[in-house]
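What the coordinates show
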Amino acid sequence: MVSGAWWAEPRRRCMSADTLVRDIGTAYGERFGFSMPDRSVLRTEKGLTEATVREISEAKQEPEWMLRFRLRALDLFNLLPMPSWGADLSELRFDEMTYYAKPTEGSSQNWDELPEEIKDTYERLGIPEAERKFLAGVGAQYDSEMVYHHIREDLEKKGVLFSDVETAVREHPEIVKRFFGTIIPPDDNKFAALNSAVWSGGSFVYVPPGVHVEIPLQAYFRVNSQSFGQFERTLIIADEGSFVHYIEGCTAPVFSKDSLHSAVVEIVALANARIRYSTVQNWSSNMYNLVTKRAFAYENAVMEWVDGNIGSKVTMKYPAIFLMGPGARGEVLSIAFAGKGQEQDTGAKVLHFASNTSSVVTSKSISKDGGTASYRGLVKVEAGLTGIKSKVECDALILDPHSKSNTYPVMDIRSENASMEHEARVSKISEEQLFYLMSRGLTEEEAAVMIVHGFIDPLVKELPMEYAVELNRLIELEMEGSVG
Amino acid sequence: MTATLTKATPQRGSLAEAPEFLWTFKAPSGSNRDEGELTHITIPFRGDSGRLQGGAIHLEDHARARVFLQYKPQDPSPGRSYGAMDGETELFRTSLEIHLGPYAQLELFVLSSLPATLTREALDHCTLEEGSRLIWTDVGFDAGKGTYERNIMFTGKESELDFAGAYGAVCDTEGTYILTTRHRGPRTKSRVYLKSALKDSAHLIFKGLIHIEESAAGSDAYLSNRNLVLNDGVRAESLPQLKIETDDVVCSHGSTTGGPREEELFYLTSRGLHTDSAKSLLVEAHLSAVLDRLPEESREEVERRAFDLLGIHEGGACS
């Protein structure tokens, strides 16, 4: 057992809760893979037609402009081709999915008002407890709808908006109309078009000028239904000089049939604002996770993506930063863990459109038990810009002879006054390191786990403590029995 | 037994896709041309647009050889300029088959310097058997469009490649360099260095794939691509790729693209050099690591050609 390793103790001791150690060694199926009986109040027929889109729009009592937006996106979805690159999507069946399931009549601001099963689900996942202890606000999405949204009163008084997107469409149409679908237009790719046609739920965050949301906001996405598509849409706007850290987590039951999660996340960091967006993706092994995420960073703004991918059957996700204003900075920290039957095709895109902008991409991946981890990325510098700096670093560990690791970066530089660096390394766990640790008394497995922890440590440090612990624990679970 | 170079007369009427080997260089088992003797092979464009001109180099086991290959435009004949009519281009298609038998060693130098009226399409394929070693220095100053695809297959264990390429592109040159090292044999090793300097509105693409198959345990591969951008308006695209199918490997790549560093320019100008001369000197330094590998007798001429082409001059040389 790795859980009792002596070296892990100090780290855990300094993490506050004794419960953190409790669950180590229990499997995904028990901790996250459970499902509740379906008690949705509205559910569309399987498959996707214009009627499905109209039904969703009507259920949400949307304004006409949003219905038109959806229908145009549906046309685009039917028109656009599947990606000809990346992970294998040949088993994805659009006709067998359910595109909308409404779990409750409305969103609540009180956990106690939620139906028993839903409340129980989030209790088991530890969300209400986390809200009390560590978070400034929580949103919880169950299948298609945000069933819960709550933000601390002091932040609400400062004008911070945190709600589901449907509420924002009703209550703040001027902000939504200005940004919605402008960062990621529906014709961006097939899955952005799909999301635009059937989107439901997701978070809307607006932080007024100069306001710093010191503790994170979190959204937790839970899929409960089988052969289900979750299409949340998140829009975050940090007004001038503000700061917000948004975290998302996600899990799903283990079913025999595949599900689809295809989100669109649009982020705007206005001048001098800073946004950090952290993800710990832990979908079940029957989930296709095909997500489009993009941020616009204006003058002197800072955008940071911290992206952890542990779960899912297939993930294709390349968080992007468009550096639109001079002095803007972008950073992407990405970690992927590809185990048995998993394909993690992840990476980052940074496009420099203004002078004196800089970007750093750090990607780490681990593949084992026949899993495939791929880094796919783009750095582009337009002509005529000065003072551009970009650095991309990809490290990959392969833990057995049957696993695969790929690296596919693209650097497209058109400016003389730019400095672009890219490095990538692929290797196995070094025998010297194993030998050293084993000579200090560790078993081979303990030594391997320790090396993997060391490998991902620079990323884990960037996550809030609770997530760092979660990620470490997940890695330990995944690593169990990996050596010898 | 000594190495032989045979030349064939091109056969008219054969399929354009079937490489007709215009020349074949063969080094029999155990032969050694390593004593400084260099075989020069010149491949001129024969004025037959689109026709594939093929060549082959075959070294049998334990053979050693040094070969200098040069792609040239057609010799101008009276009344005919290089290749094409005004504004038109002609297609110069070449292929090169290299086969190194067990423990053979080939030192290969390839120089291509073609006018803008020729569009080049090169498809080269190398097979490296057990313990063989290929040392390839590739220099390209083609002025037109070009696609250069090189596939190097490591079929035998412990075979090695050491590839260094230097490329200069000016005016509206467009070049795509694709280099794939496919490691199949165990404990194979590859080192690939691609360096370029770009000026005016040139556009170069470097796509370098290291593919380690499951059978290639213990392999060690590295690819580096360094592009020096000399003015705004050029375009350098770098796509270094890794495709790794087993764990017991050390594979990495590195890519940098950028203009001359300000500190370096500042240092040189503070020593009395004009900015343009300083830039020219930095181009020279950038490419010299590759050009220094050329045989002594041709190094100076190639260097002069490179720096005439890439040197920073008053006024544009592009018409």
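What counts, and at which threshold
- Residues numbered from 1 in each chain as written.
- Chains lettered and ligands numbered in written order.
- Predicted model: local features only at pLDDT ≥ 70, side-chain atom pairs only at ≥ 80, totals over all residues.
- Heavy atoms only, no water.
- Axes fitted to C-alpha atoms, helices over the stretch in contact; angles between N-to-C directions.
- Helix = DSSP H or I, 4+ residues; strand = E, 2+ residues; numbered from the N terminus.
- Parallel < 35°, antiparallel > 145°, perpendicular 65-115°, else oblique.
- Left-handed = near helix turned anticlockwise from the far one by under 90°.
- Contact = heavy atoms within 4.5 Å.
- Nonpolar A, V, L, I, M, F, W, Y, C, P; charged D, E, K, R; others polar.
- Salt bridge = Lys/Arg side-chain N within 4 Å of Asp/Glu carboxyl O.
- Buried < 20%, exposed > 50% of the residue type's maximum accessible area, 1.4 Å probe, protein only.
- pLDDT = per-residue confidence, 0-100.
- Patch = residues over 30% accessible without salt bridge, like charges linked within 9 Å, V, L, I, M, F, W, Y side chains within 5 Å.
- Areas by Shrake-Rupley, 256 points an atom, 1.4 Å probe, with all protein chains shown as cover.
- Lys, Arg positive; Asp, Glu negative; His and termini not counted.
- Charge placed at Lys NZ, Arg CZ, Asp CG, Glu CD.

Here the focus is the packing of helix H12 (residues 431–439) of chain A against helix H13 (residues 444–460) of chain A. All names here are of chain A. Two elements in contact, H12 and H13, have axes separated by 9 Å at closest approach and are oriented at 125°. In terms of orientation, H12 and H13 fall into the oblique class. Considering how the two elements wind past one another, H12 and H13 form a crossing that is right-handed. Contact residues: H12 offers Gln433, Leu434, Leu437 and Met438, while H13 offers Glu444, Ala447, Ala448, Met450 and Ile451. Within the contact of H12 with H13, the residues separate by chemical class into seven nonpolar, one polar and one charged.

A word on the pattern of salt bridges. Residue and element names in this part refer to chain A. Taken as a whole, this structure holds 44 salt bridges over all chains when the rule is applied. We note a salt bridge from Lys317 to Asp307, for which the minimum N-O separation is 2.9 Å. Linking Lys317 in strand S16 (residues 314–317) with Asp307 in strand S15 (residues 302–309), this pair joins segments that are 10 residues apart in sequence. Judged by relative accessible area, which is 2%, Lys317 ranks as buried. Residue Asp307 is classed as buried on the basis of its relative accessible area, which comes to 2%. Residues Arg329 and Glu331 are paired through a salt bridge, measuring 3.9 Å at the closest nitrogen-oxygen approach. Residues joined by salt bridges that share partners form a network here, namely Lys364, Lys391, Glu393, Asp395, Glu423 and Arg425.

If pLDDT is low for a region, its predicted coordinates should not be looked at in detail. Residues and elements named next belong to chain B. Mean pLDDT over chain B: 88, with 88% of residues reaching 70 or higher. Overall, residues 10–18 carries pLDDT values under 50, and its contacts beyond four positions in sequence, including any with other chains, amount to 16 contacts. Long-range and interchain partners of residues 78–84, a stretch whose pLDDT sits below 50, account for 14 contacts in this model, where long-range means more than four residues apart. For this predicted complex, the interface confidence reaches an ipTM of 0.85, while the overall pTM sits at 0.88.

With that settled, consider a negative patch on the surface. Residue and element names in this part refer to chain A. A cluster of like negative charges, contributed by Asp112, Glu113, Asp120 and Glu123, occupies part of the molecular surface. For Glu123, the location among the structural elements is in helix H6 (residues 116–125). With a relative accessible area of 44%, Glu123 lands in the partly exposed category.

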